[in-house]
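Each chain is listed here by its residues.
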Amino acid sequence: MNELFGTLSDGTPVHRWTLERAGVRVRVLSYGGIVQSLQVPDRDGRAADVVLGFADLDGYLTHPEPYLGALVGRYANRIGGARFALDGRTYELARNDGPNSLHGGARGFDKRVWEVTPQGPYGVRLTRVSPDGEEGFPGRLTVGVTYALDEAGALCVGYEAVTDAPTVVNLTNHTYWNLGGTGSGPAGGHELRLAASRYTPVDAGLIPAGDPADVTGTRFDLRRPRALGSGFDHNFVLDKGATPAAEEVAELRDPVSGRVLTVATTEPGLQLYTADHLGAPFAPGDGIALETQHFPDSPNRPDFPGTTLRPGETYRSRTVYGFSAR
């Protein structure tokens, strides 16, 4: 189902698409590719919205910084110093996080209106062309992102991109999860299991510093389920690495409602953010972001998995969010 959600100040309409299957209902906006709501049942069959979002377009325009539910790019996470070198040339990017570039710059993919077309009864495809030089990134990048519900009600997100000049690409979705449902309070009591034996330590600007570190004996060891609490905004190095097919890497569970979220991905990393700085109208810790991605600052770290995309190549990434209750 497609309906008008609002209108931007320049008159551009923003539409909302609703997908429903196997007891799951998800709503996606053409603005920012935002997952606005996602309803799933608890262990007693009671449905609730398990993602943070706003009821109207003005909420997203007034509070853009949390990136609620949005597609982020061209480069998810941070690039240190808002610059990188590629093929002997240095590119200066928009600085929107102190001295760094965050989530594609001041006006990244999260603040653009996408073209949306249905993909059968249970999916939509979002497309846009990012022109050469947008937010400082080189190359004309053509991007397609598909949201679809499979027969079990899992939300499958597929990303593709091609370029006409060498560039860097790292796309993700920035949904905040609260499996207790909207208004249920902080999500710090959720239990997370994460298949990652290493993480990337960061400096004061949250740029990776040094080599990936072993999680053993630290609070970053989430290989067995435990309550999260707060204080996380870190990239975890997934044990599986980058894979051509999505493999399960995480399970998040709310003990109160019994709702369970699983995350499977082709990506080599996952940024865990416990939303400690989430602002009004939400409270710190109201949601948990599980951002599947390549590592932050990879364009400046040749030892990290590469994010360079060249003409003739196709960037592909896939993440699957599964839902159950127990």
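For the structure itself, look to the data block above.
Here the structure is a predicted model, which is why all the values come from computation and not from measurement.

**Section: the layout of surface pockets**
Consideration 1: In this structure, the largest pocket spans a volume of roughly 540 Å³.
Consideration 2: Residue lining of the largest pocket: 26 residues in total, with E65, Y67, R78, L102 and Y273 positioned closest to the centre.
Consideration 3: Its residues assigned to classes, the lining of the largest pocket comprises 10 nonpolar, 9 polar and 7 charged.
Consideration 4: In this structure, the second largest pocket occupies an estimated 340 Å³ of space.
Consideration 5: In this structure, the second largest pocket is lined by 20 residues; those nearest its centre are Y159, T266, Y315, R316 and S317.
Consideration 6: Contributing elements (two or more residues each) for the lining of the second largest pocket: strand 14 (155-163), strand 27 (308-309) and strand 28 (315-325).
Consideration 7: Of all the elements, strand 28 adds the most residues to the lining of the second largest pocket, at 4 residues.
Consideration 8: Taken together, the residues that form the lining of the second largest pocket break down as 6 nonpolar, 9 polar and 5 charged.

**A few points about empty space enclosed by the protein**
Consideration 1: Under the defined criterion, the tally for this structure stands at 2 cavities of 30 Å³ or more.
Consideration 2: Taken as a whole, the largest cavity spans an internal volume of roughly 80 Å³.
Consideration 3: In this structure, the largest cavity is lined by Y31, I34, Y60, H63, P64, Y67, L68, A70, D110 and K111.
Consideration 4: A class-by-class count of the residues in the lining of the largest cavity yields 7 nonpolar, 1 polar and 2 charged.

**Concerning unusual backbone geometry**
Peptide bonds are mostly trans, and most non-glycine residues show a negative phi.
Consideration 1: Omega for the peptide link from G73 to R74 comes to 10°, which places this bond in the cis form.
Consideration 2: Considering the arrangement of structural elements, one finds R74 in the loop between strand 6 (71-72) and strand 7 (78-79).
Consideration 3: A cis amide bond links A280 with the next residue in sequence, P281, at an omega value of 10°.
Consideration 4: Among the secondary structure elements, P281 is positioned in the loop between strand 25 (269-273) and strand 26 (288-293).
Consideration 5: Positive phi is not limited to glycine here, since A82 has a value of about 50°.
Consideration 6: Looking at the element boundaries, A82 is found in the loop between strand 7 and strand 8 (83-86).
Consideration 7: For A275, which is not a glycine, the phi torsion comes out positive at approximately 60°.
Consideration 8: The residue A275 is located in the loop between strand 25 and strand 26 in this model.

**Digging into the sheet that holds strand 22 (residues 233-237)**
Consideration 1: Pairing in this open sheet of 6 strands is antiparallel, and the strands run 17-26-25-22-19-20 from one edge to the other. Each edge of the open sheet is held by one strand with a lone partner, namely strand 17 (176-177) and strand 20 (213-214).
Consideration 2: In terms of strand pairing, strand 17 meets strand 26 through 2 bridges, oriented antiparallel. By the bridge assignment, Y176 is partnered in strand 26 with A289.

**Regarding the side chain of S37**
Consideration 1: In this fold, S37 is placed in strand 4 (residues 35-41).
Consideration 2: Once residues within four sequence positions are removed from consideration, S37 is found in contact with R25, V26, R27, D49 and V51.

About the cut-offs
- Residues numbered from 1 in each chain as written.
- Predicted model: local features only at pLDDT ≥ 70, side-chain atom pairs only at ≥ 80, totals over all residues.
- Heavy atoms only, no water.
- 1 Å grid on protein atoms, 1.4 Å probe; cavity = no way out; pocket = protein on both sides within 12 Å on 5 of 7 lines; lining within 4 Å.
- Points joined across faces, edges and corners; volume = space filled by probe spheres on them.
- Nonpolar A, V, L, I, M, F, W, Y, C, P; charged D, E, K, R; others polar.
- Helix = DSSP H or I, 4+ residues; strand = E, 2+ residues; numbered from the N terminus.
- Pairing = 2+ DSSP bridges.
- Contact = heavy atoms within 4.5 Å.

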